[in-house]
Amino acid sequence: MSAPDLPARCDIAVIGAGPAGLAAATIAARAGLSTVLFDEQPAPGGQVHRAATTTPLADPVAILGVGQARGVALARDCAASGARILSGATVWSVAADGTLGVSLAGAASPVVARHVVIATGALERPMPIPGWTLPGVMTAGAAQILLKTGGLVGEGRVVLAGCGPLLWLLAAQYRRAGARIAALLDTTPRANWIAAARHLPGFLASPYLAKGLGLLAEVRRSVPVFGGVTELRAEGGTSGRLARVSFRRGARAEESLDADLLLLHQGVAPNVNLALSAGCAHDWDDAQLCFRPALDAWLTSTVESISIAGDGGGIGGAEVAEARGRLAALGALRRLGAGDPGGMRAKAAAHARAEIATGLRGRAFLDTLYRPAEAFRIPHDATLVCRCEEVSAARIREAVALGCPGPNQLKSFLRCGMGPCQGRMCSLTVTEVMAKARGVSPGEIGHVRLRAPVKPVTLAEIAAMPTSPEAERAVLRG
Amino acid sequence: MFRRLDDALTPAPVVGLTVDGTRIEARAGDLLAAALLAAGRGLCRTTPVSGAPRAPYCMMGVCFECLVTVDGMGSRQACLVPVREGMVVETQRGARVPGR
Ligand code: FES
């Protein structure tokens, strides 16, 4: 049995319907290639334009801001381009020959593409603090998704903690929605301001400047902000849920706030799982503290049939993601030898590259200013690093002391990274904890090796997959 | 933990589901995890290792803290599943029961 709505083949498969994926699929389909856009969520938009077309908010722009309108336009253009958008479709494997493993509506099927554009975007960087697994602690991004998709806001004493633009954006959106925030605990290290100052000239020309300053002012008017937070702890009450947030500011005595909801955030990092499992080479980026894929001028990875567009190739934000989506699609058209009427492709690519350069201007300032403090990336011994298998930082350090060299071996020591999230919530922390303990760079430690399926898929689904004559010959004798 | 901005929303039909045998109401179009949080029933599961309670954490399919049983199928991610009238949801205690 195969998933009824899945095509067996296509020219270009795009994975992820955020700004990069929508832009890529639109370009590919307009050029006349059969294009399928796979997306795990119920509706296109990605996380930045989440629920752009389906939000229950009657006036989304009034609460969420103008960015939301862009998501609607991107989704509309893509639908009009002739690309097939498959929402609710999970891609759990990508092979170098362009074969995808896809689950849709409880059935799995292979889809063979001539070229694959991975546009799986970013994940929120883990913020492992004591108590971060308690019910009542979530990410700021999660709260934003609840607001966009369900019109929900936190109730009771809501505390925001961490650093980065999304934290301030959420605070402003809550304010506009009439939701109260008890406190914003800013963990941006004070020294970052000095380090970031030298990138200020680039930032002055960036479109983010006015937007960012406006947000900070808007939030500071209505929310008590505690700056220079250096330690943070979530504490549970008798109910087993969050009851209190305790924090320190440098040498001052510990302070404490009652809390019903704690929303954590310290930036985002590329979602590299699918690209890693497909064998695309990645390098450690010390400015953005993450692994990012090695890409050529057309955003093609080290696997020729796979391009990587959007924040999955390095954090640039929504506008850069869109331009990268277009560029990756143009590269795919070029590789597949699609027609180039009027020689427009080179021009369109140059335009996209210029937009990317403009968008990235000022990024160095944000990366340096909001570089999360080591204390919030490389936690103390008692803090859980792996939420799924409940492995603490102390046990990882013990394993290193016993000679465990990297995250792959750590799996057999501690099962760390082998739970259902497959390392998505812990791999950056594991890499940095091990690098620090061994006194080597995170790049040398590497990322945990990933294999398909990168998302859980039932055995029944795999067993029911349609097989090819070649696959059958491989296992049948005679 | 969460409340609905009722005055700021477009009207939508009510969808009824049961969670551990209790009926709750959601808005058509809700993600299951959002409906659970809005109904004050965010505790989706306890962990197989220590039995600690967990609730949705990322809302984007990454953390797997929102695993519940939906219409008899175990370990579904509640943050990716839209609600449906008559949906039967059970929270998960500890390790999965084999065969589900
Ligand atoms: S809440 Fe994280 S996977 Fe559902």
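Residues numbered from 1 in each chain as written. Chains lettered and ligands numbered in written order. Predicted model: local features only at pLDDT ≥ 70, side-chain atom pairs only at ≥ 80, totals over all residues. Heavy atoms only, no water.

Colleague: Looking at this model, I keep getting lost on the interface of chain B and chain A. Mind explaining?
Modeller: Much of the literature gives interface size as the accessible area that the parts lose upon coming together. At the interface, 36 residues of chain B touch 49 residues of chain A. Both faces considered, chain B and chain A share a buried interface measuring about 3700 Å² in area, 64% of it formed by carbon and sulfur atoms. In terms of surface lost to chain A, no three residues of chain B exceed Met-1, Phe-2 and Tyr-57 of chain B, which account for 23% of the buried area on that side. Along the contact surface separating chain B from chain A lie one salt bridge. A salt bridge links Glu-65 of chain B to Arg-387 of chain A; its shortest N-O distance comes to 2.8 Å. The tally of links between chain B and chain A comes to 12 residue pairs in polar contact (both at pLDDT 80 or more). (Contact = heavy atoms within 4.5 Å. Buried area = accessible area lost by both parts, 1.4 Å probe. Salt bridge = Lys/Arg side-chain N within 4 Å of Asp/Glu carboxyl O. Polar contact = N/O pair within 3.5 Å; in protein donor to acceptor, adjacent residues only side chain to side chain.)

Colleague: Sorry, what's going on with the packing of helix H1 (residues 19–30) of chain A against helix H3 (residues 67–81) of chain A here?
Modeller: Axis angle and axis distance: for two packed helices, these are the angle between their axes and the distance between the axes, and together they describe the pair. All names here are of chain A. Between H1 and H3, the shortest axis-to-axis distance is 8 Å and the interhelical angle comes to 25°. Classed by the angle they form, the pair H1 and H3 counts as roughly parallel. Handedness of the H1/H3 crossing: left-handed. Contacts between H1 and H3 involve Pro-19, Leu-22, Ala-25, Thr-26, Ala-29 and Arg-30 from the former and Leu-74, Ala-75, Asp-77, Cys-78 and Ser-81 from the latter. Class assignment of the residues belonging to the contact of H1 with H3 gives a composition of seven nonpolar, two polar and two charged. (Axes fitted to C-alpha atoms, helices over the stretch in contact; angles between N-to-C directions. Helix = DSSP H or I, 4+ residues; strand = E, 2+ residues; numbered from the N terminus. Parallel < 35°, antiparallel > 145°, perpendicular 65-115°, else oblique. Left-handed = near helix turned anticlockwise from the far one by under 90°. Nonpolar A, V, L, I, M, F, W, Y, C, P; charged D, E, K, R; others polar.)

Colleague: Explain the sheet that holds strand E11 (residues 183–186) of chain A to me, please; I cannot follow it from the model alone.
Modeller: Adjacent strands of a sheet form backbone hydrogen bonds with each other and so pair up, either parallel or antiparallel. Residue and element names in this part refer to chain A. Spatial strand order, E8-E16-E10-E11-E12: five strands in an open sheet with parallel pairing. The open sheet has two edge strands with one neighbour each: strand E8 (137–139) and strand E12 (225–226). Across three bridges, the pairing between E8 and strand E16 (residues 261–266) is parallel. For Met-138, the partnering residue across the bridge sits in E16 and is Leu-263. (Pairing = 2+ DSSP bridges.)

Colleague: Honestly, the pattern of salt bridges in this entry has me stumped. Any pointers?
Modeller: A side chain with one charge may pair with a side chain of the opposite charge, provided their charged atoms come close. A complete count under the given rule lists 26 salt bridges over all chains for this structure. Measuring nitrogen to oxygen at the nearest pair gives 2.8 Å for the salt bridge that ties Asp-30 of chain B to Arg-4 of chain B. Of the two residues, Asp-30 of chain B sits in the loop between strand E3 (22–27) and helix H1 (32–38) while Arg-4 of chain B sits in strand E1 (residues 2–4), which places them 26 residues apart along the sequence. Arg-4 of chain B matches Asp-30 of chain B in its accessibility class, with the two residues each being buried. The network of salt bridges with common partners includes Arg-233, Glu-235, Arg-244 and Glu-254 of chain A. (Buried < 20%, exposed > 50% of the residue type's maximum accessible area, 1.4 Å probe, protein only.)

Colleague: What exactly am I supposed to notice about the side chain of Ser-81 of chain A here?
Modeller: All names here are of chain A. Mapped onto the elements of the fold, Ser-81 is located in helix H3. The class of Ser-81 is buried, set by a relative accessible area of 13%. A distance of 2.6 Å separates the side chain of Ser-81 from the backbone oxygen of Cys-78, its partner in a polar contact. Reaching out from Ser-81, the side chain makes a polar contact with the backbone nitrogen of Ala-83 at a distance of 3.2 Å.

Colleague: Is there a simple way to explain the layout of surface pockets in this structure?
Modeller: Taking a probe equal in size to a water molecule and rolling it over the atoms shows the remaining empty space. Size it by volume and the second largest pocket reaches roughly 1200 Å³. If you go around the second largest pocket, you meet 42 residues; those closest to its centre are Pro-456 and Glu-461 of chain A together with Ser-75, Arg-76 and Gln-77 of chain B. Put simply, the parts of the chain that give the lining of the second largest pocket at least two residues each are strand E4 (89–94), strand E5 (99–104) and helix H17 (459–463) of chain A together with strand E4 (45–46) and strand E7 (73–77) of chain B. For the lining of the second largest pocket, the leading source of residues is E7 of chain B, giving five residues. Within the lining of the second largest pocket, the residues separate by chemical class into 19 nonpolar, 14 polar and nine charged. (1 Å grid on protein atoms, 1.4 Å probe; cavity = no way out; pocket = protein on both sides within 12 Å on 5 of 7 lines; lining within 4 Å. Points joined across faces, edges and corners; volume = space filled by probe spheres on them.)

Colleague: Please clarify how empty space enclosed by the protein should be interpreted in this entry.
Modeller: Residues and elements named next belong to chain A. What the rule picks out here adds up to four cavities of 30 Å³ or more. Forming the walls of the largest cavity are 16 residues, and the residues nearest its centre are Leu-123, Pro-270, Arg-424, Ser-427 and Leu-428. When contributions to the lining of the largest cavity are tallied by element, the ones reaching two or more residues are strand E7 (122–124), strand E17 (268–270), strand E19 (290–293) and helix H15 (427–438). Of the pockets and cavities examined, the second largest cavity occupies roughly 110 Å³. Mapped onto the lining of the second largest cavity, the elements with two or more residues apiece are E7 and E16. Residues of the lining of the second largest cavity, tallied by class, amount to nine nonpolar, three polar and two charged.

Colleague: Which parts of the structure should I look at to understand the nonpolar core?
Modeller: Buried together is how nonpolar side chains tend to be arranged in soluble globular proteins. If you look at the biggest cluster of nonpolar residues, it comprises 116 residues, and the most contacted ones within it are Tyr-174 of chain A together with Leu-32 of chain B. Among residues more than four places away in sequence, those in contact with Leu-32 of chain B are Leu-17, Val-68, Val-70, Ala-78, Val-81, Pro-82, Val-83, Met-87 and Val-89 of chain B. Core analysis: the second largest hydrophobic core is formed by 34 residues, Ala-20, Ala-25, Ala-83 and Ile-356 of chain A among them. (Core = buried A, V, L, I, M, F, W, Y, C linked by side-chain atoms within 4.5 Å.)

Colleague: Please clarify how the environment of Gly-67 of chain A should be interpreted in this entry.
Modeller: When you line up the elements, Gly-67 of chain A lands in helix H3. Measuring from C-alpha to C-alpha, the distance between Gly-67 of chain A and His-447 of chain A comes to 33 Å, with 380 residues separating the pair along the chain.

Colleague: Would you take a moment to explain the environment of Ala-20 of chain A for this structure?
Modeller: All names here are of chain A. Inspection of the secondary structure puts Ala-20 in helix H1. Residues Ala-20 and Gln-266 lie 246 residues apart in sequence; the distance between their C-alpha atoms is 23 Å. If we ignore the near neighbours within four places in the chain, the residues touching Ala-20 are Ala-119, Ala-309, Gly-310, Ala-321, Glu-322 and Gly-325.

Colleague: How should the pairing of strand E2 (residues 35–39) of chain A be read in this particular structure?
Modeller: Each regular strand displays side chains that alternate between the two surfaces of the sheet. Residue and element names in this part refer to chain A. Burial of E2 is extensive: five of the five residues sit out of reach of the surface. The alternating pattern of E2 places Thr-35, Leu-37 and Asp-39 on one face and Val-36 and Phe-38 on the opposite face, and all of these are buried. As judged from the four bridges shared by strand E1 (residues 9–15) and E2, these two strands associate in the parallel manner. Counted as the bridge partner of Ala-13 is Val-36 from E2. Running through H1, the crossover from E1 to the neighbouring parallel element E2 is right-handed. Inspection of the sheet shows E2 paired to strand E3 (residues 84–87) by four bridges, in the parallel sense. The residue bridging Leu-37 from the neighbouring strand is Ile-85, located in E3. (Right-handed = clockwise from strand over helix to strand, strands pointing away.)

Colleague: I'm lost on unusual backbone geometry in this one. Help?
Modeller: In most cases, non-glycine residues show a negative phi, while peptide bonds are predominantly trans. In this model, Ala-105 of chain A sits at a positive phi of 50°, which is unusual for a non-glycine residue. Notably, Asp-20 of chain B is not glycine yet its phi reads approximately 50°, a positive angle. Its place among the elements puts Asp-20 of chain B in the loop between strand E2 (14–19) and E3. By relative accessible area, Asp-20 of chain B is classed as partly exposed at 36%.

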